Amino acid sequence: PVAMGAGFGAGLGLALASSAFIGVSFVLKKKGLLRLCGRARAGQGGHAYLREWLWWAGLLCMGVGEAANFAAYAFAPATLVTPLGALSVLVSAVLSSIFLNEQLNVHGKIGCILSILGSTVMVIHAPQEEEVSSLESMAEKLKDPGFIVFAVCVLVSSLLLIFVAGPRYGQSNVLVYVLVCSAIGSLSVSCVKGLGIALKELFSGKPVLREPLGWVLLVCLVICISIQINYLNKALDIFNTSVVTPIYYVLFTTAVMTCSAILFKEWQHMVLDNIIGSISGFLTIVSGIFLLHAFRDMPFTPSLLPLFLQPARADRHQSCQHQPLLPSEDKGSQSAEEEEEEEE
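Residues numbered from 1 in each chain as written. Predicted model: local features only at pLDDT ≥ 70, side-chain atom pairs only at ≥ 80, totals over all residues. Heavy atoms only, no water.

The name that an unreviewed UniProt entry assigns to the protein chain is NIPA2 protein, with the source organism given as Chaetops frenatus. Turning to the protein chain, the UniProt record has this under Sequence similarities (unreviewed entry): "Belongs to the NIPA family." Taken verbatim from the UniProt record of the protein chain, the Subcellular location (unreviewed entry) comment is "Membrane". (UniProt positions renumbered as here; feature names shortened; annotations may be inferred.)

Considerations on helix 2 (residues 53–75)
Given a rise of 1.5 Å per residue, 23 residues ought to cover 33 Å, and the 33 Å separating the end C-alpha atoms of helix 2 matches this to within 8%. Every buried residue of helix 2 is accounted for by Leu-54, Trp-55, Gly-58, Cys-61, Met-62, Gly-65, Ala-68, Asn-69, Ala-72, Tyr-73 and Ala-74. (Helix = DSSP H or I, 4+ residues; strand = E, 2+ residues; numbered from the N terminus. Expected span 1.5 Å × (residues − 1). Buried < 20%, exposed > 50% of the residue type's maximum accessible area, 1.4 Å probe, protein only.)

Examining the packing of aromatic side chains
Under the defined criterion, the tally for this structure stands at three aromatic pairs. Ring centres of Tyr-177 and Tyr-231 lie 5.7 Å apart, and the angle between their planes is 35 degrees; this geometry places the pair in the tilted category. Here Tyr-231 lies in helix 9 (residues 212–238) and Tyr-177 lies in helix 8 (residues 175–203), a separation of 54 residues in the sequence. Taken individually, Tyr-177 and Tyr-231 each receive the classification buried, so the pair is uniform in this respect. Here the aromatic rings of Tyr-248 and Phe-252 are separated by 5.6 Å at their centres, their planes lie at 20 degrees, and the arrangement is stacked. Here Tyr-248 pairs with Phe-252, and both are found in helix 10 (residues 241–264), just four residues apart, close to one helical turn. You'll find Tyr-248 and Phe-252 in the same group, each marked buried. Put simply, the rings of Phe-26, Tyr-248 and Phe-252 pair up and form one aromatic cluster. (Phe/Tyr/Trp six-rings, centres within 6.5 Å; stacked < 30°, edge-to-face > 60°.)

Quick word on a nonpolar patch on the surface
Together, Ile-148, Val-152, Val-156, Leu-159, Leu-160, Phe-163 and Val-164 make up an exposed nonpolar region whose accessible area comes to about 650 Å². Structurally, Val-156 is set in helix 7 (residues 145–169). Exposure remark for Val-156: the relative accessible area of 44% places this residue in the partly exposed category. (Patch = residues over 30% accessible without salt bridge, like charges linked within 9 Å, V, L, I, M, F, W, Y side chains within 5 Å. Areas by Shrake-Rupley, 256 points an atom, 1.4 Å probe, with all protein chains shown as cover. Salt bridge = Lys/Arg side-chain N within 4 Å of Asp/Glu carboxyl O.)

Description of the environment of Glu-211
Mapped onto the elements of the fold, Glu-211 is located in the loop between helix 8 and helix 9. It is 9.2 Å that separates the C-alpha atoms of Glu-211 and Ala-198, two residues lying 13 residues apart in sequence. With residues up to four places along the chain from it excluded, the contact list for Glu-211 reads Leu-135 and Glu-136. (Contact = heavy atoms within 4.5 Å.)

Comments concerning the pattern of salt bridges
Tallied over the entire structure, the rule returns one salt bridge. Note that Glu-201 and Lys-206 form a salt bridge whose closest N and O atoms lie 3.9 Å from each other.

Here it is as structure tokens:
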């Protein structure tokens, strides 16, 4: 398990604050997009949302959340910070049911609880990343053939999703735009990690501004974030927030964990119980996200409960036990027939 030091506490607190702000940002941006009555919507390629103050408020919240997330990655491993994004799913789902009238039934609430439990397990069994303390060591990591192959695969698949799958299936399949955000987001996390190292060296007095790698990482981060914002807006405008948020979390977390494992070699020094704990925690999160997504439109009424858990039916069932077998009318007719037989 990750050592409970000052860096862990700072990274944990920043990650929790980031999840809260990002969860609120989803709802604010969706609320702003819903106010575009009769104007070109983001799903059709329009940019009328730029004139909505609610959308800008959501963007500001997302910026604060991403800034806190940026700082958290500088203090803690990526596989410790990223799973805590499940809390943004919880915040977004609860606020969407309140302010956007999107249904959150019992299955969704159980899914939120499972997501929190799975995140807790993953935090406890988080792998230790290989030590990277300077831009020189970061540059060596970025030159690794495994990471180069991974980055090329991400870029090629993102281009295919944008230019081939997007025009055909983007309006009907939620995975198209969310996959673009998740794949590009895995690269943005690597850029954030490198910039965090650069800032630490800058504050320690090293001439980081002369290093070209820091500027390259900054430019790549701006490009990645711009792509994420654009296609996340498209997904939010077409589909419900309760659908986009959990799917985005699952895919983004998977992509970040894969990228971190390849770049920082996090899983090489883990013992078996931590590996099992990390996988179990992630599968628990996926199960919770599935409950939150798959049964979002299913009404959950008391009639679906077992008979012994339904108070009204239980009372009726109990009262039926004390009723006579025959109705009162049948009893009256039966007594009349008996009297006629006695007279005869």
